[in-house]
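# Descriptive analysis of the structure
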Amino acid sequence: MKRIALFPGTFDPITIGHVNIVERAMQLFDEIVIGIGHNSSKTTLFPLAQREQWIRDIFASQPKVKVQSYEGLTVTFCAQLNAHYILRGLRNMSDFDYEKNIAQMNKLVTPTVETVFLMCDPAYTPISSSVVRDLIRNGGDATPFLPKEVIF
Ligand code: ADP
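The residue numbers shown here count from 1 along each chain, following its written sequence. Two thresholds apply to this predicted model, a pLDDT of at least 70 for residue-level local features and 80 or more for giving and counting side-chain atom pairs, whereas whole-chain, interface and lining totals are computed over all residues. With hydrogens and water stripped out, all remaining heavy atoms of the structure feed into the side-chain values.

Counting its regular elements, the protein contains 5 helices and 5 strands. Relative to the 2.2 N^0.38 estimate, which gives 15 Å for 152 residues, the radius of gyration of the protein is 15 Å and therefore close to what a compact globule would have. Principal-axis analysis of the C-alpha atoms gives the protein an extent of 45 × 35 × 35 Å. Throughout this description, buried means an accessible area under 20% of the type-specific maximum (1.4 Å probe, protein chains only), exposed means over 50%, and partly exposed covers the range between. By the burial criterion, 43% of the 152 residues in the protein qualify as buried. Helix and strand definitions follow DSSP, with helices as H or I runs of at least four residues and strands as E runs of at least two, each counted in order from the N terminus. We compute the radius of gyration over the C-alpha atoms and compare it with the globule rule, which gives 2.2 Å times the number of residues raised to the power 0.38.

What follows is the structure, encoded as structure tokens:
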């Protein structure tokens, strides 16, 4: 059976920290679907189509990596994809507290889906989409934290 993992997130925008998680997870899974969770009532800095295109460009040469947007529950999207794994990255204790609850709840709701956590490589710990957005909004240089394909 093909090991399919869903890597869900907002990716507003995708950072080199996200890319590091996907690259490392490629050793573990046959297919990784980067799922852009879309909630029409939530505002983002970058439009969905733009975020999706960047991810497509970054992984253009990686047939194992796909990108799709979705609305609703992550576990429902897993069922549609036939994905038995949810992939998430952990940077620190606050990520852990937040992720633990969601992973345990997802397991109760859908026992066939396992959440797999990859510990962030130390170089990427301080990088988050929200810090990158703050830099961009305030005229700072976010390029060191962004894949070269992320141009705006
Ligand atoms: P969400 O809105 O669901 O938190 P994000 O796009 O911010 O979506 O993050 C998606 C996933 O990527 C989360 O599991 C998050 O912990 C992980 N992640 C974000 N930044 C990094 C990083 N620098 N290193 C490792 N994992 C990261």
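Moving on from the coordinates now.
This part covers the packing of aromatic side chains. Note on aromatic contacts: the rings of Phe and Tyr and the six-membered ring of Trp form a pair at centre separations within 6.5 Å, being stacked when their planes are under 30 degrees apart, edge-to-face when over 60 apart, and tilted otherwise. Counted under the stated rule, the structure contains 6 aromatic pairs. Measuring from centroid to centroid gives 5.3 Å for Phe7 and Phe11, while their planes differ by 70°, and the two rings are edge-to-face. Note on Phe11: relative accessible area 2%, which makes it buried. Joined through ring pairs, the aromatic side chains of Phe46, Trp54 and Phe152 make up one cluster.

A molecule or strand has a residue near it when one of that residue's heavy atoms lies within 4 Å. The immediate surroundings of the ligand are formed by 16 residues, with Thr10, Phe11, Gly89, Tyr124 and Ile127 found nearest. Separating a nitrogen atom of the ligand from a side-chain N or O atom of Arg91 is a distance of 3.2 Å. Residues adjacent in sequence count toward polar contacts only when both atoms are side-chain atoms; beyond that, a polar contact is any pair of N or O atoms within 3.5 Å, and within protein one must be able to donate a hydrogen and the other to accept it. Between Ile127 and the ligand, the recorded distance is 2.8 Å, taken from a backbone N or O atom to a nitrogen atom. Expressed as a share of its isolated accessible area of 550 Å², the protein-covered part of the ligand is 87%. Calculation of accessible area relied on Shrake-Rupley with a 1.4 Å probe; when residues are assessed, cover is drawn exclusively from the protein chains displayed.

Unfilled space is identified by rolling a water-sized probe across the atoms. Only protein atoms enter the 1 Å grid, on which a cavity is a set of points fitting a 1.4 Å probe that cannot get out and a pocket is an open set with protein on both sides within 12 Å along at least 5 of 7 lines, lining residues being those with an atom within 4 Å of a point. Grid points are joined across faces, edges and corners, and a volume is the space filled by probe spheres set on the points. Looking at the largest pocket, its volume works out to about 1300 Å³. Taken together, 47 residues line the largest pocket, and the ones lying closest to its centre are Pro8, Gly9, Thr10, Arg88 and Tyr98. Looking at the lining of the largest pocket, the elements with two or more residues in it are strand S1 (4-9), helix H1 (16-25), helix H3 (74-81), strand S4 (85-90), helix H4 (93-109), strand S5 (114-119) and helix H5 (129-137). Of all the elements, H4 adds the most residues to the lining of the largest pocket, at 8 residues. The residue inventory of the lining of the largest pocket, partitioned by class, reads 19 nonpolar, 18 polar and 10 charged. Polar here means any residue other than Ala, Val, Leu, Ile, Met, Phe, Trp, Tyr, Cys and Pro, which are nonpolar, and Asp, Glu, Lys and Arg, which are charged; Gly is therefore polar.

Any functional reading would require information that these geometric values do not contain.
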